[in-house]
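Residues per chain, in single letters:
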Amino acid sequence: MTRFADFTEIFAPYVDADTWQAIADLPISGIVSDSRAVKQGEVFTLLSVNPDTAQKAKSYIIGLNSVAVLSEISASDMGFDTANPPPMPIVHIADLRLMLGDFIQAYLQAVQTVSLPKIIATTGTNGKTTISQLTAQLIDNSGMACAIMGTAGNGRLASLVQSTHTTSEVGKVHEFLHRMGADGVQVVSLEASSHGLHQHRLQGVPVEVAIFSNLSRDHLDYHSDMDDYASTKAMLFDKGYFKGLHHAIINIDDEFGARLASGLQRRLTEYTLDDLTLWTYSTQNPHANFFADNIRPSLSGVDMDVSTPFGKLSLTSPLLGLFNVGNLLASMAGFLALYPMHFDKLPQLVARLQGARGRMQRVETTGKQGCFIVDYAHTPDALVQVLTGLKAHCTGDLWAVFGCGGDRDKGKRPLMAKAGVSLADKVVLTADNPRSEDPLMILKDMQVGLSCEEHYKLIIEPDRRQAITYALTHAKPDDIVVIAGKGHETYQEIKGVRHDFDDVMVIQDIAKNL
């Protein structure tokens, strides 16, 4: 039977001698963070995730069958005292989230020893899903088993299981990695969201390769400002958090990425960190470690020449959009960080790549003919990248159909509309996931600051299906129609209810009847 005493080294810096003596011999049958799911003999972990957690903590504890509670809130702050003691030991660890992942991983290994997968983690505002999936495809197609964990789901590429979060809570992350190890998976390519990094959901994850894609406005409903958002992303490249990190791969075409790379290079020089390699990638700077030039886009993909630390390559990528050249460079670098011996295979591996679902996805239709693209772009920068990339291919009009999510950063709403009218010839503003908000109010927010000329470009249709119908009905054969914002999602959330809604299926259904 596993006991707390088996994890003395992990707990020693956080637990005083008296508390440790009281719990050291207690048996552990599991570690759970959901009070509703605790079984007898399991350890319940309580993180202070909301301002009202302390007020509710006592109600979580009363009635539990847990052997002990590990809590960021003290027993006294929960309302327990000597006259009214808790029903089980409560171990107060103020920085619990800074060691919880280590404990969970060690416990899982004590129950069943497995060889954990190597971890490639990607962070950035846009591109995380595409980079993580392209990296996984390169690894899979070269003969190794790779799984992914992120926005589009968790598991092997052919059998993804939907997830509620881009980066799951720390227990689920470690359970997933342990399960993949038990199944013989050699690599996991995961997405590291800013929420996940800030809340230390990846604590204890043995990240070996970290990739940074870009930084633009997003999640300012959570982060206090852009500096806070940026510093959170930078955590992935800090060996104080991820001690096993040996490759940092950074986009220096991005302003923050260039600063991040420069700062990391200074630290490497000052502290002689021989166990960490910095690789940069770019489509603009020939001094980058991975540099693409002579880029020739078409509606079939992109041809390019690529310089790498291992030599030069001529590649043909089936991925649409110039921004996907950067995503491809990041994926190649991540792949070569683990498997440099497969450099010569890259032309064949790249030619076999498929874009992530809902990321610059061309939708095949019967009936109405044309070029219809579904993309997850839901930030101003992402929308600019998608429209700019497609404008180079478009011989007719470029259409953009999109909205903004409810209960999220309202400041980006007019920026989204501005991006659309600046680059598209025709713009249809519609609902995204309005959540608890009135779609008409969201659409009103989006139009703030537009000129009269820009308003003339707009069609306002709050019903998303009707908005897509309008665009497809009026688009000419040589037009390109982009449906943006929801990408891979198969629902539309309205007033707390998730209704079935898949942009790809809606396009196909409408097109066959036109």
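Novice: Explanation requested: the nonpolar core in the structure shown.
Specialist: Nonpolar side chains in soluble globular proteins generally cluster together in the buried interior. Ranked by size, the top nonpolar core spans 39 residues in total, and within it Met332 and Leu346 carry the most contacts. For this core, the leading source of residues is helix 11 (residues 323-338), giving 10 residues. When near neighbours in sequence (up to four residues on either side) are disregarded, Leu346 contacts Leu138, Leu313, Leu315, Met332, Phe335 and Leu336. By size, the runner-up hydrophobic cluster in this structure holds 36 residues, among which are Ala192, Tyr229, Ala261 and Leu276.

Novice: Is there a simple way to think about unusual backbone geometry in this case?
Specialist: Of all residues except glycine, most have a negative phi; of all peptide bonds, most are trans. The phi angle at His200 is positive, at roughly 60°, despite the residue not being glycine. The topology assignment puts His200 in the loop between helix 8 (194-198) and strand 9 (207-212). Of note, Arg435 is a non-glycine position whose phi angle comes to about 55°, a positive value. Counting through the fold element by element, Arg435 comes out in the loop between strand 18 (426-429) and helix 15 (439-446).

Novice: When you look at the pairing of strand 2 (residues 43-46) in this model, what are you seeing that I'm missing?
Specialist: Consecutive residues of a regular strand have side chains that alternate between opposite faces of the sheet. Here strand 2 shows two buried faces, one formed by Val43 and Thr45 and the other by Phe44 and Leu46. Of the pairings in the sheet, the one linking strand 1 (residues 31-32) to strand 2 comprises 2 bridges and is parallel in character. Its bridge partner lying in strand 2, Val32 is registered against Phe44. The pairing of strand 2 with strand 3 (residues 68-71) spans 4 bridges and is parallel. Across the sheet, residue Phe44 finds its bridge partner in strand 3, namely Val69. Once you follow strand 2 into helix 3 (residues 53-61) and on to strand 3, the crossover reads as right-handed.

Novice: So what exactly am I meant to see when it comes to helix 11 here?
Specialist: Two residues of an α-helix separated by three or four positions point the same way, owing to the 3.6 residues in each turn. The end-to-end C-alpha distance of helix 11 is 24 Å, a good match for the 22 Å that 16 residues give at a rise of 1.5 Å each. In terms of burial, helix 11 is a largely internal element, 15 of the 16 residues being buried.

Novice: I would appreciate a short explanation of the packing of aromatic side chains in the present structure.
Specialist: Taken as a whole, this structure holds 12 aromatic pairs when the rule is applied. Look at Phe11 and Phe103: their rings are 4.9 Å apart centre to centre, the planes differ by 70°, and that puts the pair in the edge-to-face class. One end of the pair, Phe11, is in helix 1 (residues 8-11); the other, Phe103, is in helix 5 (residues 100-111), and 92 residues separate them in sequence. Owing to a relative accessible area of 0%, Phe11 belongs among the buried residues under this scheme. Aromatic pair Phe212 and Phe256: ring centres 5.7 Å apart, planes at 70°, arrangement edge-to-face. Placement of Phe212 in strand 9 and of Phe256 in helix 10 (residues 255-271) is noted, with a sequence separation of 44 residues between them. For Phe256, a relative accessible area of 12% translates into the label buried. By way of ring pairs, the aromatic residues Phe4, Phe7, Phe11, Trp20 and Phe103 are connected into one cluster. Directly above the aromatic system of Phe80 lies the positively charged group of Lys58, at a separation of 5.2 Å from the ring centroid.

Novice: Looking at this model, I keep getting lost on the sheet that holds strand 20 (residues 480-484). Mind explaining?
Specialist: Sheets are built from strands that pair by backbone hydrogen bonding, the pairs being arranged parallel or antiparallel. Spatially, 6 strands are ordered 15-16-20-17-18-19 in an open sheet, and the strand pairing comes out mixed. The sheet is open, and its two edges are formed by strand 15 (361-362) and strand 19 (458-460), each paired on a single side. In this structure, strand 17 (residues 398-402) lies alongside strand 20, joined through 4 bridges in parallel fashion. Of the residues in strand 20, the one forming a bridge with Trp399 is Val481.

The rules behind these values
Residues numbered from 1 in each chain as written. Predicted model: local features only at pLDDT ≥ 70, side-chain atom pairs only at ≥ 80, totals over all residues. Heavy atoms only, no water. Core = buried A, V, L, I, M, F, W, Y, C linked by side-chain atoms within 4.5 Å. Buried < 20%, exposed > 50% of the residue type's maximum accessible area, 1.4 Å probe, protein only. Helix = DSSP H or I, 4+ residues; strand = E, 2+ residues; numbered from the N terminus. Contact = heavy atoms within 4.5 Å. Pairing = 2+ DSSP bridges. Right-handed = clockwise from strand over helix to strand, strands pointing away. Expected span 1.5 Å × (residues − 1). Phe/Tyr/Trp six-rings, centres within 6.5 Å; stacked < 30°, edge-to-face > 60°. Lys NZ or Arg CZ within 6 Å of the ring centre and 35° of its normal.

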